[in-house]
Amino acid sequence: MLLLTGPPGSGKSHQVLQAVRERLASGRFAFRVVAPTATMAEHLRDLFAREGFVFRPSLISTFSGFVENWISGFDTVSAAALDALIEDALAHLDPKEFRSVAALPGFRSALARTIEELSAAGCGADKLDHAASLQVVYRDVEASAGARRMVLDGARLRAAARRIREQGAAGIESIFIDGFFSFTDPELEVIESLCAHSDLTITLPGWQGGEASRERLAAMGFQEQHCEAARRNPRVVLVKARTQDREIDEIAARILAEVRAGRPFREIGIVVRSSDPYVPALSTALERFGIPARFYFASPLARHSLARRVAAAEELDVWRGQTATPPEWVARFGALSCLLPPPTGVDPAEREMAALWRSGASAVRGFEQALCETASRFTPTEKVPFAGFWKELNRVLRLTTLRVADHRRNVVHVMDVLEVRQWELPVVFVCGLIERQFPLYHSQDPILTDEPRARLRVRGVRVATSGERNQAEKFLFDLATTRATDTLVLSYPEFNAKGDETLRSFSLERFLESSPGVQQEQARRVRPVPRGPRPPERRAVILDNELRLWLAQRHATMAPTALEIFLQCPFQFFTAHTLKLEELPAEPEQRFDASVQGKLLHEVLARWIRDRGALEPLFDQVFRETCAREQIPEGYRTEAVRLEMRRNLQRFTGQAVIPGASVSAIEQKLSLPLDDATTLHCRVDRIDSASGGTALIIDYKYSGPQKVAALVKGHEEGTHLQGGIYMLAVKNAGSVLGGMLFAGVRKEPSWDGWHTLPVTIGRAQRCVPQMLHDVMEQSRQTALDAMARIREGVIAPLPVDAKRCQYCACGDICRVESAVGAAAGTEGEQEE
Ligand code: SF4
């Protein structure tokens, strides 16, 4: 039994792979290779397959897959099952310490992580003390899982170890265990049980966190062979970029330079500490530069567009309130897979299109499995209400990860530092080297803090403290910097997204001190070469007369707020109001957006003004109705929004009454003929009747005082018109005007606008009737100009306020960056 130790890059894995190759070449298949993750096992299978070896995939597996032969009749507790068990335990045990946060999914996730960590370390609930609430929940989870013939990971490995001791190793002569940083106690028990039946070769990197495992293996009789660090001395370049985007563009440009010099994409890797925040940006940038890349990351199935389309399906409204058996629900939901658009005929299929198809096919398979897992929570014949089945299905979708198969060979490999341990590549980029990003910073686990962890360690349970986890981050940095054989490119951004200066990683400082000759360079400004000839510049305007006629008809009736969208950006108006493109339904955690908050605010204020009852119960009721209607999940964010909105409304309703005026109408619908071809439809939130019977119009905004002031100013600048149009509409209905007020309900309640009443109303200007007339005429003219431009076919992406582009759904299609770049004259920047 051999234990290969040594620093990262000292050739331990190389020795193991050679031994495996020899066995494959001579047809001796009585061996197994055990890797730490499914992706790494897949990587090894691909590696040997590409070298021409033919073998059963099960020869290479994870620990969990390896013990499968000895554990039959017991399922592992899936992430969704664990979440459900914890929810049940919290509901019926109601531990005092967790009471205030028990309903939050984020808390359940944290609790699940702690229980999984304890189980993996071989610590059952019986070993816990000084953590009474955690212990009772953990004990209940263990018992409930056992009753359903499910086991947590640690218990599963221990059961496997027992069976291997009793039954032997099923004829497996050699076992290679490679890529692990250390072993948990249950894993060591499996290893010890195998020692009596097979010849084992294990690799371990030389670092503090692996010391306990090394000692246990030595005590089992493993012969240690120390491997010295290989002297590869790759060229090391340190790149400083102004921003993360510039850093990623620089990486893309360097990859293309390597490829032009003859290096295949597959010899290049990019290493990040974790998927967020680099992976989405890398994915877009590599795509833009035409670089094929494989991303070794999984994402929750709930984020896939199939799951989001199902959540927004009309059928769900029909099924609400119905009951059916689990198989019937599976059949009904299964039919919704057709909501994913089928592949369209592209021949030959482009790479991006093929990736989309693969992703869609994986999502459909994952969705079907998720339905089966959901159904398994119920007895097959019981009548399950829609709400119950839907809640469980949502849980499974949220906690099931989706991996899209990608077997392309010549691709750049993008992976996190944990995945990179079995890789060596000629060129490696390690990016995002700033503090708290790479390395990450680990604070104490709030559920099992460092103190009880230290006590558990004394009793032989190896659970890491925050200090040890931070120590491990240094090791991960060292690991990442040893993966390149020819060129290592380290990089970091100087400024974050807010424009604040970042702090360069201390591990990088340490690396630079011990590595003379590192080339330091500044990232250049680069952009991809166009994939085809640049089409002639065209003005973003519709010239066809028939289409212009159609535009006039389509917009014969309008809301003033739609015209304001045109004033902000013609292209945004074109997509939302002319083409009426729909956005993909928001992800569950994003559903409580500004639009939903605005609707909720209007509904609460309308009902409160009408009934004048207590605000809190009314708010809570409308909030519940909104969450149910919009399918907004409970959680930290939902609760934070609820509390903030309730506070804001409490403050506002204390000042909602205008002195000397009384409410005469709410939610009033009015029309205003703008010209021969256009009528504007208005929905006025509230009209108060003031002295002399004058009408005071009130419009609620869920905005702070500054935004409301900017809105009023916008009427002078020609970017807003709602106030003037509402006044025209009320006047048109036969009222004498007393003013137009905007009520800001966010943060400090604020009133702004124009009025002729003999009182002070917030920041609103007290004025003469002529000024109201001027505001109305200004707004009428702004509206007429905007309508004329709409009919002329103006659709250019020209935002008045570019900051609002970050909230606009059209950002990926309007190419505003190109338009702004062209306008700023930056077209001549260096290209790559
Ligand atoms: S992202 Fe900006 S420029 Fe593009 S459509 Fe939206 S508002 Fe207009």
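Quantities reported herein were computed from a predicted structural model and do not represent experimental measurements. (Residues numbered from 1 in each chain as written. Predicted model: local features only at pLDDT ≥ 70, side-chain atom pairs only at ≥ 80, totals over all residues. Heavy atoms only, no water.)

Asks: Would you mind going over the overall build of the protein in detail, with residue names and values included?
Replies: The secondary structure content of the protein amounts to 29 helices and 26 strands. Expressed along its principal axes, the backbone C-alpha trace of the protein runs to roughly 100 × 65 × 50 Å. Burial analysis of the protein (832 residues in total) assigns 49% to the buried set. In the protein, the proportion of contacts linking residues at least 24 apart, taken out of those at least 6 apart, comes to 76%. Put simply, the protein shows about 40,200 Å² of open surface, and 51% of that area lies on carbon and sulfur atoms. (Helix = DSSP H or I, 4+ residues; strand = E, 2+ residues; numbered from the N terminus. Buried < 20%, exposed > 50% of the residue type's maximum accessible area, 1.4 Å probe, protein only. Contact = heavy atoms within 4.5 Å. Areas by Shrake-Rupley, 256 points an atom, 1.4 Å probe, with all protein chains shown as cover.)

Asks: Can you lay out the pairing of strand β21 (residues 662-673) for me, pointing to particular residues and giving the numbers?
Replies: By the bridge criterion, 10 bridges tie β21 to strand β22 (residues 679-689) in an arrangement that is antiparallel. When the sheet's bridge partners are listed, L670 is paired in β22 with C682. The antiparallel pairing of β21 with β22 creates a hairpin that spans 5 residues between the two strands. (Pairing = 2+ DSSP bridges.)

Asks: Summarise the nonpolar core; cite the residues concerned and give the values.
Replies: M558, L563, I697, I725, M727 and W754 are the most contacted members of the largest nonpolar core, which has 38 residues in total. Put simply, the parts of the chain that give this core at least two residues each are α21 (560-568), β21, β22, β23 (695-701), α26 (705-717), α27 (722-732), β24 (737-744) and α28 (769-791). Among the elements that take part in this core, α28 stands out by supplying 7 residues, more than any other. Residue contacts for I725: discarding those within four places in its chain leaves P560, L672, L680, C682, S779, R780 and A783. Listed in part, the 34 residues of the second largest apolar core include I632, M645, I698 and L757. (Core = buried A, V, L, I, M, F, W, Y, C linked by side-chain atoms within 4.5 Å.)

Asks: Now, about the side chain of R21: what can you tell me, with residues and values included?
Replies: Mapped onto the fold, R21 is located in helix α1 (residues 12-26). Judged by relative accessible area, R21 falls into the buried class, the value being 18%. Other than its neighbours up to four places away in sequence, R21 contacts L47, F48, E51 and F53.

Asks: Run through helix α11 (residues 275-288), naming residues and quoting values.
Replies: Helix length check: α11 (14 residues) gives 19 Å between terminal C-alpha atoms against 20 Å at 1.5 Å per residue, within 8%. Buried within α11 are the following residues: Y278, V279, L282, A285 and L286. Against the buried residues of α11 lie α10 (244-260), β10 (268-272), β11 (293-295), β16 (412-416) and β18 (484-493). Backbone geometry just after α11 places G290 at a positive phi near 70°. (Expected span 1.5 Å × (residues − 1).)

Asks: Any details on the pattern of salt bridges? Residues and values, ideally.
Replies: What the rule picks out here adds up to 50 salt bridges. Close ionic contact of R646 with D620 constitutes a salt bridge, the shortest N to O distance being 3.4 Å. Residue R646 is located in helix α25 (residues 636-653), and its partner D620 is located in helix α24 (residues 615-630); the two are separated by 26 residues in the primary sequence. Two residues, D699 and K701, come together in a salt bridge whose shortest N-O distance is 2.9 Å. Across the pair, K701 and D699 agree in class, each one buried. Three or more residues are tied together by salt bridges with common partners; here these are D83, E87, R108, E373, R377, K391, E392, R395 and R398. (Salt bridge = Lys/Arg side-chain N within 4 Å of Asp/Glu carboxyl O.)

Asks: Account for a nonpolar patch on the surface, naming residues and giving values.
Replies: The grouping of L579, L581 and I813 at the surface amounts to a nonpolar patch, some 280 Å² of accessible area in total. Examined against the element boundaries, L581 turns out to sit in the loop between α22 (570-578) and α23 (594-611). (Patch = residues over 30% accessible without salt bridge, like charges linked within 9 Å, V, L, I, M, F, W, Y side chains within 5 Å.)

Asks: I'd like a rundown of the side chain of Q422, residues and numbers included.
Replies: Along the chain, Q422 turns up in the loop between β16 and β17 (425-430). Classification of Q422 as buried rests on a relative accessible area of 10%. There is a polar contact of 3.1 Å between the side chain of Q422 and the side chain of D178. Residues within four places of Q422 in sequence aside, it is in contact with A35, M40, H43, L44, D178 and G179. (Polar contact = N/O pair within 3.5 Å; in protein donor to acceptor, adjacent residues only side chain to side chain.)

Asks: Outline the sheet that holds strand β8 (residues 223-226), supporting the account with residue identities and numerical values.
Replies: The strand order across the open sheet built from 6 strands is β3-β2-β6-β7-β1-β8, with neighbouring strands paired in parallel fashion. Across the chains shown, the open sheet's two edge strands, defined by having one partner strand only, are β3 (60-62) and β8. The mean angle between the axes of side-by-side strands here comes to 20°, regardless of whether they run parallel or antiparallel. Strand contacts of α1: β1 (2-6), β2 (31-35), β6 (174-177), β7 (199-205) and β8, with the helix running at about 155° to β7, the strand carrying the most contacts. Strands β6 and β7 of the sheet are contacted by helix α8 (residues 185-195), whose axis makes an angle of about 150° with β7. (Axes fitted to C-alpha atoms, helices over the stretch in contact; angles between N-to-C directions.)

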